[in-house]
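One letter stands for each residue in the lines below.
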Amino acid sequence: MKKTLKAIRGMSDILPQQSSSWTKLEHSIASVLNLYAYREIRLPIVEKADVFQRSIGDQTDIVQKEMYSFADKNGDFITLRPEGTAGCVRAALENSLLQQIPQRLWYMGPMFRHERPQRGRQRQFHQVGVEFFGSGAPEADAELILLTRRLWSELGIRDLRLEINSLGDANSRKQYKEKLVSYFSRHLDKLDEESVLRLQKNPLRILDSKNPSLRYIISRAPSLIDSLDEQSRLHFEKFQNILEKYGINAVVNPRLVRGLDYYNGTVFEWITEELGSQGTVCAGGRYDNLVELMGGSAVPAIGLAMGLERLLELQSLQNPLDAPLTTDLYICATENDLDDEALKFAELLRDSYPHLSIQLHASEGKLKARLKKADRSGARVAILIGEDEIRENQVTVKPLRTRAEQTTCSISELEEVLGRFL
Ligand code: ATP
Ligand code: MG
């Protein structure tokens, strides 16, 4: 027997019974973003490796371990995008979008990271990314929070915790890094191998360690908030005041850092307790230096990314009754010779009832086998077309999900009859 082919580990199919919740989620997100006048940008899934290497940071998990990079047939080094911001900045610069600021953009699609697959962590996963270019004001930070809060309520998602922090400016972060290195160096014996490496290369990331045995030592580390420069401190205070004014409960988490190097100032995460250890459904922050770093002029910016798999899982836990799309009508001739008539009638119905989902019976067989297929299709109502029906210009309407009797009616009565069963 031939061996069947399998998908790549960590990359899953989205099957028909799941895809309607995806479409619904995508529509809800798009409409909330439109409400805030964000415009969609569609970006390539593959970029030159440089786009990510230059922006995300050499010492980050993504660049060190997680990128799908390879040489293409021309020998160019290219990468399946692990995140959207770098490509979005590349596109905004290449197409001169930042000559007009503010510029509010969003995008959606698959991202690729070669990490260990587990609950809430795939190698191909989906994000919606939102980027707000051209404002360095705390109001811009607050807009992203208000927008996401509105989205959660639109999606029926409850009980998310908002954690916020400020990473300060480059200078205050540098000073903080020194404090951190000196602190952790005094406790080398309590660190794991990964953190010892990070101590030299990217000490801030130790705070982000997922290893529970490091929790205590991390909790006693000096706090970033205490090292903030004056401007970042004022910005962060104003941001918090706005959140408070709009009734948004935010928890300051001084250990909250982001996995990418380009962030500064405000960072935030929306977290749920209901998805196990991968509970962050949305994460974001300010990246005021990235546009310049990638070759543009200095344009302040803030953005966020939501993980759609995690949002969908949470939605299905919190609102389990959301039903997948169903077929309304199953159109079926009673015998093989009349299949043409069924096809013709199905097309007519699609003209008259554009809001219905209409499935045509599509295999030869006796009436009994046909009815069995109709039932298995999941359709709510079957419309049967036999010789008698054709002669009399009638159809037989057979409800499939209730005990109601089938009924034969003229075409002109069909709308009223269907109204009883659909
Ligand atoms: P972590 O520290 O948990 O690896 P990260 O810093 O890599 O997180 P981001 O790059 O901020 O995560 O990604 C934003 C969001 O995208 C996450 O909060 C999550 O919802 C989603 N996400 C990130 N990586 C994955 C993945 N491998 N599988 C599924 N969703 C993911
Ligand atoms: Mg990660």
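It should be emphasised that the depicted structure is a prediction, and the values quoted were computed from it without experimental measurement. Just so you know, the residues in each chain are numbered from 1, in the order the chain's sequence is written. Naming scheme: in the order in which they are written, chains are lettered from A and ligands are numbered from 1. Where local features are concerned, this predicted model is filtered to residues with pLDDT of at least 70; where side-chain atom pairs are given and counted, the filter is 80 or more; whole-chain, interface and lining totals use all residues. Processing note: side-chain calculations cover all non-hydrogen atoms of the structure and skip hydrogens and water entirely.

Draft legend 1. Expanded view of the site of ligand 1. Looking at ligand 1, there are 17 residues lining it, with Arg113, Glu115, Arg121, Gln122 and Arg258 nearest. We define a polar contact as two N or O atoms separated by no more than 3.5 Å, with the added condition that, inside protein, one atom must be a possible hydrogen donor and the other a possible acceptor, whereas residues neighbouring each other in sequence contribute only through side-chain atom pairs. One of the side-chain nitrogen or oxygen atoms of Arg121 is found 2.7 Å away from an oxygen atom of ligand 1. Within the backbone of Gln122, a nitrogen or oxygen atom sits 2.9 Å from a nitrogen atom of ligand 1. Here ligand 1 loses 91% of its free accessible area of 610 Å² to cover by the protein chains. Helix and strand definitions follow DSSP, with helices as H or I runs of at least four residues and strands as E runs of at least two, each counted in order from the N terminus. Contributions of two or more residues to the shell around ligand 1 are made by β6 (124-133), β10 (280-286) and β11 (301-307). Each residue gets one label: Ala, Val, Leu, Ile, Met, Phe, Trp, Tyr, Cys and Pro are nonpolar, Asp, Glu, Lys and Arg are charged, and the others, such as Gly, are polar. Classifying every residue of the shell around ligand 1 by side-chain character gives four nonpolar, six polar and seven charged. Nearness here has a simple test: a residue counts as near a molecule or strand if at least one of its heavy atoms is within 4 Å of that partner. Shrake-Rupley sampling with a 1.4 Å probe provides the accessible areas, and residues are treated as covered by the protein chains on show and by no other component.

Draft legend 2. Local environment of the side chain of Ser135. Tracing the backbone shows Ser135 in the loop between β6 and α5 (138-155). Looking at Ser135, the relative accessible area reads 15%, which means it is buried. Of note is the side chain of Ser135, whose polar atom sits 3.1 Å from the backbone nitrogen of Ala137. Should any heavy atoms of two residues lie within 4.5 Å, those residues are considered in contact. Leave out the neighbours within four places in its chain, and Ser135 touches Ala140, Arg286, Pro300 and Ala301. Residue burial is assigned from relative accessible area. The probe radius is 1.4 Å, only protein chains are included, and a residue is buried under 20% of its type maximum, exposed over 50%, and partly exposed in between.

Draft legend 3. Molecular detail of the domain arrangement of the chain. The domains assigned to the chain are domain 1 (16-169 + 229-318) and domain 2 (329-415). Throughout the structure description, domain borders are defined by an automatic or database domain assignment. Each of domain 1 and domain 2 was reduced to a C-alpha centroid, and the two centroids are 49 Å apart.

Draft legend 4. Expanded view of the layout of surface pockets. Estimated volume of the second largest pocket: approximately 660 Å³. In this structure, the second largest pocket is lined by 28 residues; those nearest its centre are Gln18, Ser21, Trp22, Leu312 and Glu313. At the level of elements, α1 (16-35), β6 and α11 (308-318) are the ones that each hand at least two residues to the lining of the second largest pocket. With eight residues, the single largest contributor to the lining of the second largest pocket is α1. Of the residues in the lining of the second largest pocket, the class split is nine nonpolar, 13 polar and six charged. Points on a 1 Å grid, built from protein atoms alone, make a cavity when a 1.4 Å probe fits but cannot get out and make a pocket when they are open with protein on both sides within 12 Å along at least 5 of 7 lines; residues with an atom within 4 Å of a point are the lining residues. Grid points are joined across faces, edges and corners, and a volume is the space filled by probe spheres set on the points.

Draft legend 5. Structural context of the sheet that holds strand β2 (residues 46-48). Note: two strands are recorded as paired if DSSP finds a minimum of 2 bridges between them. Here three strands make up an open sheet; going across it, the order is β2-β4-β3 and the pairing antiparallel. Edge strands, defined here as strands with exactly one partner in the open sheet, are β2 and β3 (68-71). Shown here is a sheet whose adjacent strand axes are inclined to one another by a mean of 30 degrees, direction ignored. In terms of strand pairing, β2 meets strand β4 (residues 77-80) through three bridges, oriented antiparallel. When the bridges of β4 are listed, Lys48 appears paired with Ile78. Structural elements are reduced to axes, namely lines fitted to C-alpha atoms, with helices fitted over the stretch in contact, and the angle between N-to-C directions of any two is expressed from 0 to 180 degrees.

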